[in-house]
Amino acid sequence: MSTSELGTPAQPLRVAIIGSGPSGFYAAEHMQSQPDLFVQVDMYDRLPTPFGLVRGGVAPDHQKIKSVTRIYDKIAGHPEFRFFGNVELGRDIAHEDLTAYYHAVIYAVGARADRRMWVPGEHLPGSHSATDFVGWYNAHPDYRALRFDLSGERAVVVGNGNVAMDVARILASSVDDLAATDIAEHALEALAESRIREIIMLGRRGPAQAAFTTKELRELGHITGCEVVVDPAEATLDALSAAEVAAAPDRTRDANLEVLAGYAGAQPSGTGRRVVLRFLASPVELIGTDRVEAMVVAHNELRRGDDGQLRPRQTDRLETIPVDLVFRAIGYQGTPLPGAPFDAKRGIIPNQDGRITDPATGEAIPGEYVVGWIKRGPQGIIGTNKPDSHQTVDALLHDLRDGRLDKPAVPPRAVLEGLLAERRTDLVSYEDWQVLDRLEQERGKQAGDRPRVKFSRVEEMLAALAEHRAGQVVG
Ligand code: NAP
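Residues numbered from 1 in each chain as written. Predicted model: local features only at pLDDT ≥ 70, side-chain atom pairs only at ≥ 80, totals over all residues. Heavy atoms only, no water.

Would you mind going over the pairing of strand β11 (residues 281-287) with me for this structure?
On a regular strand, each side chain points to the face opposite its neighbour's, so the side chains alternate between the two faces of the sheet. Relative to strand β12 (residues 294-304), β11 runs antiparallel, the two being bridged by six bridges. Counted as the bridge partner of S282 is A298 from β12. The loop that links β11 with its antiparallel partner β12 comprises six residues. (Pairing = 2+ DSSP bridges. Helix = DSSP H or I, 4+ residues; strand = E, 2+ residues; numbered from the N terminus.)

The following block contains the structure:
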């Protein structure tokens, strides 16, 4: 095949995208927007539902952020776009299938595991990863069966990022406010019975190094029946941080410090729920017999590391806090994929500007690309994925022009469709997802004007689709 033919209606460029979160959709969009390219995109997801962390990660009380899915609907509406939901790489489709049926594969699988604190007692019942809690309250089927004991009064959330903020806010919110969101039904029921009164957020560094953003910090102060407590001594910067702040402005950091100073200056009322923001404090041990009962916390000081960053260093000042529940919100972690190389240290697929590289040679593997968190690590908001995916697609288009995606023959789309239908009788198309979407929204209306009531089990989703199809046949 000559280079000029590939990417034309006679020889469409066929691309598989594995994963249907923001990074996958932005990659599809950038390919679709190329004026002289005829591209057929097949997007796969192991769940019947698309959108990755927009559905399973973004907090239920952040509905506005979720409206980004309207853009993804448009991308999916492209005549040459197909969605294969409920298809898992390694279970239903192999890496060899992808290389046989596509000119290029783009991995957009995100980072689904969580980081460990590596402290004794971390595995006691009552100590959880925030990613589990987030998946649970967002009705992700993987987390449906989890149980969180909310019968105690104090929870500690370790970490100072936006995930820690989300977890603290959900724990602190009133059930009436949560009922107006699309939080999972099972989570709403459990949180209605919650006896948690105090949520402590532990940052291992100081207020000037917090990873959360100002909007999220302000939101804490607007939770009904909840106050934010900051010890003025902890809000005061150490000498090294103060020098950094004085040396150069940083919009988020400086705005955060202003909001924190406001919280620190307020007189706590002592009524209702409270979120306590602590700094320069790290857990060193969780204590308990049958479940977590206390946390030993070390006070830290900041030292400049070799990389120039201020790093926490543990002092010998220890304190023991009685706790009933612990969430570690210290970052997501990528996991290996069948058939793709993996950099275990960084938790990413090794790549150069999105071209997957062979760890043995450092050379790019022809036709294999990566986008999103599994490309760059679990950092950044939804919009960060747009330039990131564009960079990868630009590399792919470059390779296309250079003839590096040419193959002797790629079987037509229908062959693959037949193969997938043989392997899975319950494939979920984008139209199917739109049926589920409508059903969830209808359930929401019936439940008192909630944005939606999510299906939280794959079987439930498939049964709802089967019922819908049967109704159509009868109708
Ligand atoms: P993150 O922003 O990287 O924050 C991780 C936090 O955990 C940091 O404060 C980090 O402290 C701390 N940490 C790491 N290891 C630790 C340890 N061993 N002990 C104690 N603390 C530790 O990660 P994230 O909160 O998981 O969020 C991931 C990304 O999603 C971020 O870019 C975030 O902004 C984004 N996100 C956005 C929203 C939103 O826009 N509303 C919501 C959720 C997530 P150090 O700084 O000292 O390393």
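From this point, the narrative continues.
I tried to follow the sheet that holds strand β10 (residues 273-278) on my own but got confused; where do I start?
Strands in a sheet are paired, the pairing made by backbone hydrogen bonds, and the direction either parallel or antiparallel. Taken together, six strands build an open sheet; the order of strands is β6-β14-β7-β8-β10-β9 and the sheet is parallel. Each end of this open sheet is capped by a strand with a single partner; those strands are β6 (127-129) and β9 (226-230). Across this sheet, the average inter-strand angle for adjacent strands is 20°, counted without regard to direction. Pairing analysis gives four bridges linking strand β7 (residues 154-158) to strand β14 (residues 325-328), with the strands arranged parallel. The residue of β14 that forms the bridge with V158 is R328. Most of the contacts of helix α7 (residues 162-172) go to strand β8 (residues 198-202), to which it runs at about 175°, and overall it touches β7, β8, β9, β10 and β14. In this fold helix α13 (residues 251-265) packs onto β9 and β10, with an angle of close to 100° to the strand it touches most, β9. (Axes fitted to C-alpha atoms, helices over the stretch in contact; angles between N-to-C directions. Contact = heavy atoms within 4.5 Å.)

Is there a simple way to think about the site of the ligand in this case?
Near the ligand lie 20 residues; those nearest to it are R204, R205, E216, Q379 and G380. In this structure, an oxygen atom belonging to the ligand sits 3.1 Å away from a main-chain N or O atom of N160. In the environment of the ligand, an oxygen atom lies 2.7 Å from a nitrogen or oxygen atom belonging to the side chain of R204. Compared with its free state, where it exposes 910 Å², the ligand has 82% of that area covered by protein. Ranked by residue count, the leading element in the shell around the ligand is α7, at three residues. (Near = heavy atom within 4 Å. Polar contact = N/O pair within 3.5 Å; in protein donor to acceptor, adjacent residues only side chain to side chain. Areas by Shrake-Rupley, 256 points an atom, 1.4 Å probe, with all protein chains shown as cover.)

What should I look at first to understand unusual backbone geometry in this one?
For residues other than glycine, phi is negative in most cases, and the peptide bonds are mostly trans. For W118, which is not glycine, the phi torsion reads 60° and is therefore positive. Relative to the helices and strands, W118 resides in the loop between β5 (113-114) and β6. Taking the relative accessible area as the measure of exposure, W118 reaches 69% and is therefore exposed. Of note, D353 is a non-glycine position whose phi angle comes to about 50°, a positive value. The topology assignment puts D353 in the loop between β16 (351-352) and β17 (355-357). On the basis of relative accessible area, D353 is assigned to the partly exposed category, the value being 46%. (Buried < 20%, exposed > 50% of the residue type's maximum accessible area, 1.4 Å probe, protein only.)

What should I look at first to understand the sheet that holds strand β13 (residues 310-322) in this one?
One open sheet holds the three strands; their spatial order is β11-β12-β13, and the pairing between them is antiparallel. In this open sheet, the two edge strands, each paired with only one partner strand, are β11 and β13. Put simply, the sheet's adjacent strands are angled 25° from each other on average, direction ignored. Here β12 pairs with β13 via ten bridges, running antiparallel. Each bridged residue has a counterpart across the sheet, and for N300 the counterpart in β13 is Q314. Those strands touched by helix α12 (residues 239-247) are β12 and β13, and its axis lies near 55° from that of β12.

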